[in-house]
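# Remarks on the overall topology
In case you want the letters, here they are:
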Amino acid sequence: MNYSALALLRGALSAHRNWLPAWRSPEPKPAYDVVIVGGGGHGLATAYYLAKNHGIRNVAILERGWIGGGNTGRNTTIVRSNYLFPESARLYEFALKCYENLSRELNFNIMLSQRGLVMLAHSRHDLDSMARWANAMRMNGIDAEILTREQVAARAPLLDMSPDARFPVLGGFSQRRAGTARHDAVAWGYARAADALGVDIIQNCEVTGFLTGANGRVVGVETHRGRILAERIGIAAAGHSSVLAKLAGFRLPITSYALQAMVTEPLKPALDTVVLSPGTGAYVSQSDKGEMVIGASLDLFPSYAQRGSFAVLQGIVAATLALFPSFSRLRLLRQWAGIVDVVHDSSPIIGPTPVPGLYINCGWGTGGFKAIPAGGWTLAHVLATGRNHELAEPFQLGRFITGRLIDEAAAAGIAH
Amino acid sequence: MMQLTCPWCGLRDESEFVCGGTTHLIRPDLAASDVTWGEYLFFRDNPKGVHRERWRHAYGCGQWFNLARHTVTHQVLSVYAMTDPPPDHS
């Protein structure tokens, strides 16, 4: 069913009682060409691009919980491509360009709002490093502009720009094409489009083991809903990647941490850009519903609990209020955490694993949402062809042995 | 807020401590292969369950100690000295 103004009108005339589910809920078949473990944004996008780009439609997505119920539904919805190194810039810019066309392509409004992003510099050193950062982006062909103190104040008038501000704002830089996209819609849009191409989305289906055949090649998975065979399997499980890797018999260079976010009660439009303050670890945007969406830095101890610590919550609220004193009387409505897969260089891993036939997309850490189209596109490519996509070539597991890390920790914009 | 028991100072809030990550990692010989070095530096079990890790009472006595802690419930199963052998919580 195509979504359009006419379809909406037709729906309205029948009191919206006749809408069809956006995707089927099929029983798992005994075998598929490709099985994807993980029904978040990256897994759904992988299945969609397998079907669309490579014509592989006999695909199942196995999701332990429900579609988009993990980190895809727990992030702060920010999309941007302000990375430092050419390898990362190419990958994240590819994702942002996909996002720019995604609503049309998927026939599903992902509510992309390119409201721009403002990075705050709080010291002379911040100013210098941000000038380097913005210039690196421009060298990579990505839009960036260095902002003066006055330009920052004009972009976000509620910022505390007074002389005695706890975190004085000296300037910053901006990526105008950055912004937000509705996270649930990205998951639902990819799910619906993949389903329409024949992909089976199987929810409440946890993988409990991998089956291997001759030469240790993977031949299928054991799940709570029985054995499912597949010659090629992709893992896109974010914070749970290590758990699945252990089932398959190898280790990853990942530590799982809780990353918190929260929203305030909704209010009238007050902040029409995304504000990031790497120095304090706070980043804030206003959702289309009016809530202030506040993201925190990591709870810095290993965790698989999808809830954050009060100590970090307190710190991030304090930092946000120091930047925006007028938010002090807002009440927090919800607070939550997602389990993120942090690697030492804060760059992803997309490619083969030590188990033949088994491929992985992980290591996005605190920044997976913005990269969903690129993660899906490149994992689909390696699953379909057996060769790494050129964008993913630098992001292989082997870099942790050779030492050729792509250390984006400084450029990721979030204090790790 | 999570609370941890410092072996020297007793029960304190999590915000006084810094986690130093997985403990009981043994530094390989300098002549070790790249694979062994890579494994030592970067690859971790990252268990969903009991994790043996080192913490420092940074805003207290400054001492390092070991914990066995569950990564889902955050329950501390044992507190032990840096040189003690890993306790069995299987």
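Located above this text is the structure these notes cover.
Every value quoted in this text rests on a predicted model; they were computed, and no experiment measured them. (Residues numbered from 1 in each chain as written. Chains lettered and ligands numbered in written order. Predicted model: local features only at pLDDT ≥ 70, side-chain atom pairs only at ≥ 80, totals over all residues. Heavy atoms only, no water.)

### Quick look at the overall build of chain B
- Regarding its fold elements, chain B presents one helix and six strands.
- Of the regular secondary structure in chain B, the N- to C-terminal order runs β-β-β-α-β-β-β.
- Once the C-alpha set of chain B is aligned to its principal axes, its extents read approximately 40 × 25 × 20 Å.
- For chain B, the proportion of its 90 residues judged to be buried stands at 32%.
- Long-range pairs, those at least 24 residues apart, make up 45% of the contacts in chain B with a sequence separation of at least 6.
- On chain B, roughly 5000 Å² of surface is accessible, and the fraction owed to carbon and sulfur atoms is 51%.
- Here chain B contributes 8 positively and 10 negatively charged side chains, and the mean placements of these two sets differ by 3 Å. (Helix = DSSP H or I, 4+ residues; strand = E, 2+ residues; numbered from the N terminus. Buried < 20%, exposed > 50% of the residue type's maximum accessible area, 1.4 Å probe, protein only. Contact = heavy atoms within 4.5 Å. Areas by Shrake-Rupley, 256 points an atom, 1.4 Å probe, with all protein chains shown as cover. Lys, Arg positive; Asp, Glu negative; His and termini not counted. Charge placed at Lys NZ, Arg CZ, Asp CG, Glu CD.)

### A short note on the sheet that holds strand β4 (residues 50-56) of chain B
Residues and elements named next belong to chain B.
- Ordered by their spatial adjacency, four strands build an open sheet running β3-β4-β5-β6, and the pairing between neighbours is antiparallel. Two strands in the sheet have a free side with no partner beyond their single neighbour: β3 (18-22) and β6 (76-80). Along the sheet, successive strands turn relative to each other by an average axial angle of 30°, direction set aside.
- Summarising the sheet, β4 and strand β5 (residues 64-70) pair through seven bridges and their orientation is antiparallel. When the sheet's bridge partners are listed, His51 is paired in β5 with Arg69. (Pairing = 2+ DSSP bridges. Axes fitted to C-alpha atoms, helices over the stretch in contact; angles between N-to-C directions.)

### Overview of the environment of Tyr92(A)
All names here are of chain A.
- The residue Tyr92 is located in helix α3 (residues 86-106) in this model.
- Taking the relative accessible area as the measure of exposure, Tyr92 reaches 3% and is therefore buried.
- Separated by 299 residues in the primary sequence, Tyr92 and Leu391 place their C-alpha atoms 9.7 Å from one another.
- Beyond its immediate sequence surroundings of up to four residues, Tyr92 is in contact with Arg80, Ser81, Tyr83, Pro348, Trp364, Gly367, Lys370 and Ala371.

### Considerations on helix α8 (residues 310-323) of chain A
Residue and element names in this part refer to chain A.
- Across its 14 residues, α8 extends 20 Å between first and last C-alpha, which sits within 8% of the 20 Å expected from 1.5 Å per residue.
- If you check which residues of α8 are buried, you get Ala311, Val312, Leu313, Ile316, Ala319, Thr320, Ala322 and Leu323.
- In this structure, the buried side of α8 is in contact with β4 (117-121), β12 (254-264), β13 (274-277), β14 (282-286), β15 (292-299) and β16 (332-343).
- The N-cap of α8, judged by a side-chain oxygen 3.2 Å from the amide nitrogen of Ala311 a few residues on, is Ser309. (Expected span 1.5 Å × (residues − 1). Polar contact = N/O pair within 3.5 Å; in protein donor to acceptor, adjacent residues only side chain to side chain.)

### So, the pairing of strand β2 (residues 10-13) of chain B
Residues and elements named next belong to chain B.
- One ladder, built from four bridges, connects strand β1 (residues 3-6) with β2; its direction is antiparallel. Bridge pairing in β2 places Thr5 opposite Leu11.
- Between β1 and β2, which follow one another and run antiparallel, lie three residues.

### Notes on the pattern of salt bridges
Residues and elements named next belong to chain A.
- Following the criterion strictly, the structure yields 21 salt bridges over all chains and no others.
- For the salt bridge of Asp200 with Arg24, the shortest nitrogen-to-oxygen distance reads 3.1 Å. Within this pair, whereas Asp200 is found in strand β8 (residues 200-202), its partner Arg24 is found in the loop between α1 (5-13) and β1 (31-37), the two being separated by 176 residues in sequence.
- One salt bridge in this structure joins Glu27 and Arg225, with 3.2 Å as the shortest N-O distance. With Glu27 in the loop between α1 and β1 and Arg225 in the loop between β10 (218-223) and β11 (226-235), this pair connects stretches of sequence that are 198 residues apart.
- You can call Glu27 exposed: its relative accessible area is 60%. (Salt bridge = Lys/Arg side-chain N within 4 Å of Asp/Glu carboxyl O.)

### Points about the side chain of Arg192(A)
Residues and elements named next belong to chain A.
- Here Arg192 lies in helix α6 (residues 183-196).
- An unpaired buried charge is present at Arg192: no salt bridge exists, and Asp195, the closest side chain of opposite charge, is 8.0 Å distant.
- For Arg192, the side chain forms a polar contact with the main-chain oxygen of Leu106, separated by 3.3 Å.
- When residues no more than four places from it in sequence are discounted, the contact partners of Arg192 are Met1, Asn2, Tyr3, Ala22, Trp23, Leu106, Asn107 and Phe108.

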